[in-house]
Amino acid sequence: MSEPALLNDDELLSFIVNGYYLLKPDYATPIHQEVCNKLNALESNPGNGILEAVPELNEIYDHPMVKGALASILGADYTMNQHRHWHKRGPEDASQNWHQDGTNVRHHQTWKVLAMYYPHDVSLEMGPTVIMPGTHFRNAPTDRMKTYGNFKEQVVLDVEAGTIAITHYDLWHAGALNRTDESRSMLKFLF
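Since the model is a prediction, treat every value here as computed from it, not as a measurement. (Residues numbered from 1 in each chain as written. Predicted model: local features only at pLDDT ≥ 70, side-chain atom pairs only at ≥ 80, totals over all residues. Heavy atoms only, no water.)

### Comments concerning the overall build of the protein chain
Across its full length, the protein chain carries 6 helices and 8 strands. The order of α-helices and β-strands along the protein chain, N terminus first, is α-β-α-α-α-α-β-β-β-α-β-β-β-β. Over its C-alpha atoms the protein chain spans a radius of gyration of 16 Å, differing by no more than 12% from the 16 Å that the globule rule assigns to 191 residues. If you line up the protein chain on its principal axes, its C-alpha atoms span 40 × 40 × 25 Å. Per-residue burial for the protein chain yields a buried fraction of 47% across its 191 residues. For the protein chain, long-range pairs separated by at least 24 residues make up 89% of all intrachain contacts whose partners lie at least 6 apart in sequence. Of the roughly 9900 Å² of accessible surface on the protein chain, 48% is carried by carbon and sulfur atoms. Of the charged side chains in the protein chain, 15 are positive and 24 negative; the average position of the first set lies 9 Å away from that of the second. (Helix = DSSP H or I, 4+ residues; strand = E, 2+ residues; numbered from the N terminus. Rg over C-alpha atoms; globule rule 2.2 N^0.38 Å. Buried < 20%, exposed > 50% of the residue type's maximum accessible area, 1.4 Å probe, protein only. Contact = heavy atoms within 4.5 Å. Areas by Shrake-Rupley, 256 points an atom, 1.4 Å probe, with all protein chains shown as cover. Lys, Arg positive; Asp, Glu negative; His and termini not counted. Charge placed at Lys NZ, Arg CZ, Asp CG, Glu CD.)

The following block contains the structure:
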């Protein structure tokens with residue numbers, strides 16, 4: 001197993017300021033298609049049991065770039081939380097409101113991050129995840145975000161297969177409307 005590839009100072013500073021970091025690790029096998037095949041074969045969403053249903057996900061999160069980014073942000077003793085989920089947005093699934101998964105507790109350290117893995121290309125039409133940089137510093141209860149629309153600075157994650165978005169647990173995010181006839185998958189793990 002290779003040593004974790006730690007973030008450099010500029011990369012870490014970017015995460016601290018913006019609340020997210022995008023990775024595109026290189027994998028030796030066609031693992032993303034294998035993950036998609038296993039997901040498509042599932043009869044239902046296994047929720048927290050997704051790692052057992054699709055064990056190839058272990059290889060995704062064991063990659064030196066992923067481990068290095070997580071160690072850089074959370075410390076070398078970071079752990080994978082038992083909460084994990086397959087977010088599947090079907091054709092014409094409505095968009096989500098802006099929300100935070102965390103409770104927006106202020107602290108000088110980052111205690112939790114989400115690692116969102118996209119096993120296939122995600123186009124603008126597929127209802128990509130949208131994130132709002134810097135909002136991990138804002139305390140806005142989710143019920144008050146329902147009236148918020150688009151922001152000029154928002155980042156739309158129309159990404160290539162294998163992209164992992166590591167986001168601060170308090171970063172505002174939402175799933176956009178899927179305007180295609182195919183489903184979009186994102187696998188969310190909490191660290």
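### Brief notes about the sheet that holds strand β4 (residues 129-132)
If you walk across this open sheet you meet the 3 strands as β5-β4-β7, and the pairing is antiparallel. Strand pairing shows two members of the sheet lacking a second neighbour, β5 (155-156) and β7 (172-175), which therefore form its edges. Pairing of β4 with β7, which is carried by 4 bridges, proceeds in the antiparallel orientation. Counterpart to Ile 131 in the pairing with β7 is His 173. (Pairing = 2+ DSSP bridges.)

### Structural notes on the packing of aromatic side chains
Summed over the entire model, instances satisfying the criterion amount to 3 aromatic pairs. Here the aromatic rings of Tyr 61 and Phe 189 are separated by 4.4 Å at their centres, their planes lie at 40 degrees, and the arrangement is tilted. Of the two residues, Tyr 61 sits in helix α4 (residues 57-61) while Phe 189 sits in strand β8 (residues 184-190), which places them 128 residues apart along the sequence. The two residues Tyr 61 and Phe 189 agree in class, both being buried. For the ring pair Tyr 61 and Phe 191, a centre distance of 5.6 Å and an interplane angle of 50 degrees mean the geometry is tilted. Of this pair, Tyr 61 sits in helix α4 while Phe 191 sits in the segment after β8, and the two are 130 residues apart along the sequence. (Phe/Tyr/Trp six-rings, centres within 6.5 Å; stacked < 30°, edge-to-face > 60°.)

In short, shape yes, function no, at least from these values alone.
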